[in-house]
Amino acid sequence: MSDLEQLSANRSFGGTQGVYRHASAETGTDMTFSVYVPPHEPGAKLPVVWYLSGLTCTHANVTDKGEYRAACAELGLIFVAPDTSPRGESVPDDAAGAYDFGLGAGFYVDATEPPYATHYRMWSYVTEELPALIGAHFPADMDRQSIMGHSMGGHGALTIGLTHPDRYKAVSAFAPIVAPSQVPWGEKALGGYLSTDRTVWRQHDAVALIEDGARLPALLVDQGDADNFLAEQLRPALLEAACAKAGIPLTLRHREGYDHSYYFIATFMADQLRWHAQRLVRFP
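Residues numbered from 1 in each chain as written. Predicted model: local features only at pLDDT ≥ 70, side-chain atom pairs only at ≥ 80, totals over all residues. Heavy atoms only, no water.

1. Comments concerning the sheet that holds strand S5 (residues 78-81)
Spatially, S1-S2-S3-S5-S4-S6-S7-S8-S9 is the arrangement adopted by the nine strands of the open sheet, whose pairing is mixed. Since the sheet does not close on itself, it has two edges, and those belong to strand S1 (5-12) and strand S9 (250-255), each with one partner. Looking at each pair of strands side by side, their axes are set apart by 20 degrees on average, direction ignored. Both strand S4 (residues 46-52) and S5 contribute to a ladder of three bridges, which runs parallel. Looking at the pairing, Trp-50 lines up with Val-80 of S5. Here helix H3 (residues 122-137) sits on the sheet and contacts strand S2 (15-23), strand S3 (30-37), S4, S5, strand S6 (140-150) and strand S7 (168-174); the angle it forms with S3, its principal contact strand, is near 55 degrees. (Pairing = 2+ DSSP bridges. Helix = DSSP H or I, 4+ residues; strand = E, 2+ residues; numbered from the N terminus. Axes fitted to C-alpha atoms, helices over the stretch in contact; angles between N-to-C directions. Contact = heavy atoms within 4.5 Å.)

Okay, here's the thing in structure tokens:
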């Protein structure tokens, strides 16, 4: 792994949880990510599940709190968790230091506006550069990939999955931002990274992508009904309406009493991973 630096490796459920760092050509910075490789026979190639994290998070949030390793060991899934933005002294942040823009809030787009365009290339990093690295250094079957995410990462999973329906065999989310063009978090991020031209935003808005013809065989979303961000920022009913009109089978599960935290995610993580595994095994 000459182009990877291993920061840690721990045995877990018969597999290995690793954390790695590399110099990213896309972001122009060092990037850190985690990979869980389950127990497997020598020479085996395993399906890959991508997990995209939400605002303020790094790879560490799901790695420490997501409780995915037992399910991944049982199902034979590699679990990859990238960071949410470039980081470093040269990387511009929000001028006011807000949590919903800049560091920790890359929104999985390739920024076109200065000063963010140089480093904030999270779309290309997650869809091209990091997959090439995973395929080269881990026992990954890159013909069997799926993608999931939480909140801002749910937005990323939905938009990436809708844009590349042949690459990702399953797409799901926890409490995703489904229509960033219509909510404050998204309007701030897309306006700051991609300009004020709202037509450009549509390629990074799941509801707009569906309205414009993007299709998937199925979607799964878990949403807590005690989520503080539900009404203003998440608005899953917009996704439900768009999928119904487009004929996309959407399973939208309203989880009574659950909030936006990792207690919610950990509770339903194994269930979502089983849903992914069922679809990944159809593509040997």
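There's plenty left to go through after this.
2. Here's the deal with the side chain of Arg-255
By secondary structure assignment, the location of Arg-255 is in strand S9. If near-sequence neighbours (up to four positions away) are discounted, Arg-255 is found in contact with Asp-222, Gln-223, Gly-224, Asp-225, Phe-264, Phe-268 and Asp-271.

3. Overview of helix H5 (residues 184-194)
Among the residues of H5, those classed as buried are Trp-185, Gly-186, Ala-189, Leu-190, Tyr-193 and Leu-194. For H5, the angular spread of the buried residues around the axis is 100 degrees, confining them to a single face. Contacts made by the buried residues of H5 are with helix H6 (198-201) and helix H8 (230-234). With its phi angle positive at about 90 degrees, Ser-195 sits one or two positions after the end of H5. (Buried < 20%, exposed > 50% of the residue type's maximum accessible area, 1.4 Å probe, protein only. Arc of directions from axis to C-beta.)

4. Some details on the layout of surface pockets
One number sums up the size of the largest pocket: a volume of about 190 Å³. Around the largest pocket, the lining residues are Gly-54, Leu-55, Thr-56, Cys-57, Tyr-99, His-150, Ser-151, Trp-185, Phe-229, His-260, Ser-261 and Tyr-262. Classifying every residue of the lining of the largest pocket gives six nonpolar, six polar and no charged. (1 Å grid on protein atoms, 1.4 Å probe; cavity = no way out; pocket = protein on both sides within 12 Å on 5 of 7 lines; lining within 4 Å. Points joined across faces, edges and corners; volume = space filled by probe spheres on them. Nonpolar A, V, L, I, M, F, W, Y, C, P; charged D, E, K, R; others polar.)

5. A closer look at the nonpolar core
Counting residues in hydrophobic clusters, the biggest one holds 88 residues, and the most contacted among them are Phe-79, Tyr-193, Met-269 and Leu-273. A per-element tally of this core places helix H10 (residues 262-280) first, with eight residues. In contact with Met-269, not counting residues within four places along its chain, are Tyr-51, Val-62, Gly-66, Glu-67, Tyr-68, Phe-79, Met-148 and Phe-174. (Core = buried A, V, L, I, M, F, W, Y, C linked by side-chain atoms within 4.5 Å.)

6. Observations concerning the environment of Thr-118
Mapped onto the elements of the fold, Thr-118 is located in the loop between S5 and H3. Expressed as a C-alpha distance, the spacing of Thr-118 and Pro-92, which sit 26 residues apart in the sequence, is 9.5 Å. Sequence-distant contacts of Thr-118, defined by excluding residues within four places in its chain, comprise Glu-26 and Thr-27.

7. Digging into the packing of aromatic side chains
Evaluation of the coordinates by the stated rule reveals 16 aromatic pairs. Between Tyr-36 and Tyr-68 the ring centres are 6.5 Å apart and the planes differ by 70 degrees, which places this aromatic pair in the edge-to-face class. Note that Tyr-36 is positioned in strand S3 and Tyr-68 in the loop between helix H1 (59-65) and helix H2 (69-75), a separation of 32 residues in sequence. Looking at Tyr-36, the relative accessible area reads 0%, which means it is buried. For Tyr-68, a relative accessible area of 0% corresponds to the buried category. Relative to Phe-229, the ring of Trp-185 has its centre 4.8 Å away and its plane inclined at 45 degrees; by these criteria the two rings are tilted. Of the two residues, Trp-185 is situated in helix H5 and Phe-229 in the loop between strand S8 (219-224) and H8; the sequence distance between them amounts to 44 residues. Using a relative accessible area of 29% as the deciding quantity, one classes Phe-229 as partly exposed. Within the aromatic cluster, the residues linked to one another by ring pairs are Tyr-36, Tyr-51, Tyr-68 and Phe-79. Directly above the aromatic system of Tyr-68 lies the positively charged group of Arg-69, at a separation of 4.8 Å from the ring centroid. (Phe/Tyr/Trp six-rings, centres within 6.5 Å; stacked < 30°, edge-to-face > 60°. Lys NZ or Arg CZ within 6 Å of the ring centre and 35° of its normal.)

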